[in-house]
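Analysis of the macromolecular model
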Amino acid sequence: SSSGRVPPLVSCTRTRVGTASDEYREAFGSVLRGQLVESRALEVGTSSEGGYLVPDQWASTLVQARTEANVMRGLATVVTTSSGTFNVPTVSSHGTASWTAEESAHTASDEAFGVVQFSAYKASTLVKVSDELLQDNAFDLEGYLTSEFGRRIGALEESAFIDGDASSKPKGTIYDAGVAVTAASATAVTSLELVSLFHGLAREYRDQASWLMHDDTVQIVRKLVDGNSQFIWQPGLAEGAPDRLLGRPVYTSSSVPAPTSAKKAIVFGDLRSAYWIADRAGISVQRLTELYAANGQIGFIASSRTDGANVLAAAVKVLQMA
């Protein structure tokens, strides 16, 4: 200030509200264990289907658990929406430039636009916990439920994000991906076919592309050699890093079809650009008190809503078996 005195510090601490508040988190934990709690604390998280939205800290942990069980969540673009439908504008084809002589008319070349509409398909799972465990405060109920919910829903999502047919589930990335190479065999691939798939993807997407295949396919590919009898498979450059094929990282998933007749067995593409996952905001948990009481158990239903689809078809290609 002009007087030379230092102005007093102003506290910038933000008060957490709604499902991010400590009050909500504590009340939610009490409800899970069947303890009485003032309902006002949970009003902000009331679900239309009788459950409660999980606290923000829970949601973050659940998302991480789903990602660990779901390779596509680590490769694709993930967005969160606040409504049941979500539209993503796309460019179907680009215009071109042309040489123009002096004083000649310019040649028009328009862009072609489209749109991909995302819905909100529900994924749900039911976990039963014994009364004794619920009464034991040493039992990490929240940790157990987040781990189980994340693992189960994550595995279900991965299957759809890779090979889903959009029938009450998301559309997988290989569902309408372009076939760049058809293998000569119904059960095997060659190194030359992999090179053809690599170059079947447009140059602008290859530098960020990844391979995705079933473990049965990995076993075949790891045995392939080049013209100098050198294995084309390369170990990861650091501990924990993915192995590489023709210079690009390789990821495995049991949701990619195994190499059998007519299946799209190998995916190669820039999945960050090609595939989008649209999560509907909020994961809800419902406590079932009476349904399993005769067996001394309490049920917990977790549900989330999501969708997925290719928004840039040119950024992903596949190899299809004969």
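Everything quoted here is computed from the prediction, not taken from an experiment.

Turning to helix α1 (residues 22–32), a few remarks are in order. Turning to α1, its buried residues are Tyr24, Ala27, Phe28, Gly29, Ser30, Val31 and Leu32. Just beyond α1, the residue with positive phi is Gly34, at close to 80°.

Per the counting criterion, the structure on display carries three aromatic pairs. One aromatic cluster is present, built from ring pairs that chain together Phe198, Trp211 and Phe268.

Inspection of every chain in the model, using the stated rule, returns eight salt bridges. As a salt-bridge pair, Lys169 and Asp165 come within 3.4 Å of each other at their nearest N and O atoms. Salt bridges here are not isolated pairs; linked through shared partners, they connect Arg66, Arg73, Glu157 and Asp279.

Bringing the pairing of strand β15 (residues 316–320) into the picture now. The pairing of strand β6 (residues 178–182) with β15 spans four bridges and is parallel. Its bridge partner lying in β15, Gly178 is registered against Lys317. The pairing of strand β11 (residues 264–269) with β15 spans five bridges and is classified as antiparallel. When the sheet's bridge partners are listed, Gly269 is paired in β15 with Val316.

Right, let's talk about helix α2 (residues 56–68) for a bit. Taking 1.5 Å as the rise per residue, α2 with 13 residues should run 18 Å; its terminal C-alpha atoms sit 19 Å apart, in good agreement. Taken as a whole, α2 has its buried residues at Trp58, Leu62, Ala65 and Arg66. Down the axis of α2, the sector holding all buried residues measures 100°, keeping them to one side. Of the surrounding secondary structure, the elements contacted by the buried residues of α2 are α1, α3 (71–75), α5 (141–163), β12 (275–280), β13 (284–288) and β14 (297–310).

Here Ser229, not a glycine, exhibits a phi torsion of approximately 60°, which is positive. Within the secondary structure, Ser229 is located in the loop between α8 (215–221) and β8 (233–234). Classification of Ser229 by relative accessible area gives exposed; the value is 56%. The phi angle at Leu246 is positive, at roughly 55°, despite the residue not being glycine.

Inspection of the secondary structure puts Leu271 in helix α9 (residues 271–274). Dropping the residues within four chain positions of it, Leu271 is found in contact with Met72, Leu75, Ala76, Thr77, Thr173, Leu212 and Val316.

Before going further, it helps to spend a moment on the sheet that holds β11. Taken in spatial order, the seven strands make up an open sheet running β6-β15-β11-β7-β10-β9-β8, and their pairing is mixed. Taken across any chain shown, the strands that pair with only one partner, and hence form the sheet edges, are β6 and β8. When β8 meets strand β9 (residues 244–245), the two strands line up antiparallel, connected through two bridges. When the bridges of β9 are listed, Gln234 appears paired with Arg244. Contacting β6, β7 (210–213), β9, β10 (248–252), β11 and β15, helix α6 (residues 191–200) crosses the sheet at an angle of about 155° to β6.

Turning to the side chain of Asp270, a few remarks are in order. For Asp270, the position within the fold is in the loop between β11 and α9. For the buried Asp270, no salt bridge is present, and the opposite-charge side chain at shortest range is Arg272, 6.3 Å distant. Separated by 2.8 Å, the side chains of Asp270 and Ser273 make a polar contact.

Calculation criteria
Counting starts from 1 at the beginning of each chain's written sequence and moves along it residue by residue. Local features in this predicted model are restricted to residues whose pLDDT is 70 or higher, and side-chain atom pairs enter the listing and the counts only when it is 80 or higher, whereas totals over whole chains, interfaces and linings include all residues. Values shown for side chains rest on all heavy atoms present in the structure; no hydrogens or waters enter the calculation. Each residue is assigned to one of three classes by its accessible area relative to the maximum for its type, calculated with a 1.4 Å probe on protein chains only: buried under 20%, partly exposed between the two thresholds, exposed over 50%. Each helix is a run of DSSP H or I of at least 4 residues and each strand a run of E of at least 2, with the numbering of both proceeding from the N terminus. A pair of aromatic rings is counted whenever rings of Phe, Tyr or Trp (Trp by its six-membered ring) have centres within 6.5 Å, and the orientation is called stacked for planes under 30 degrees apart, edge-to-face for over 60 and tilted otherwise. In what follows, salt bridge is the name for a side-chain nitrogen of Lys or Arg lying within 4 Å of a carboxyl oxygen of Asp or Glu. Two strands form a pair only when DSSP identifies at least two bridges running between them. Here a helix's expected span is defined as the number of its residues, less one, multiplied by 1.5 Å. Throughout, the arc means that of the directions going from the helix axis to the C-beta atoms. Only heavy atoms enter the contact rule, under which two residues are in contact if any of them lie within 4.5 Å. Axis lines are fitted through C-alpha atoms, for helices just across the contact stretch, and the angle between N-to-C directions can take any value from 0 to 180 degrees. Counting rule applied: Lys, Arg positive; Asp, Glu negative; His and chain ends not counted. Each polar contact in these results corresponds to two N or O atoms within 3.5 Å; when the atoms are within protein, one needs to be able to donate a hydrogen and the other to accept it, and residues that are neighboring in sequence are counted only if both atoms are side-chain atoms.

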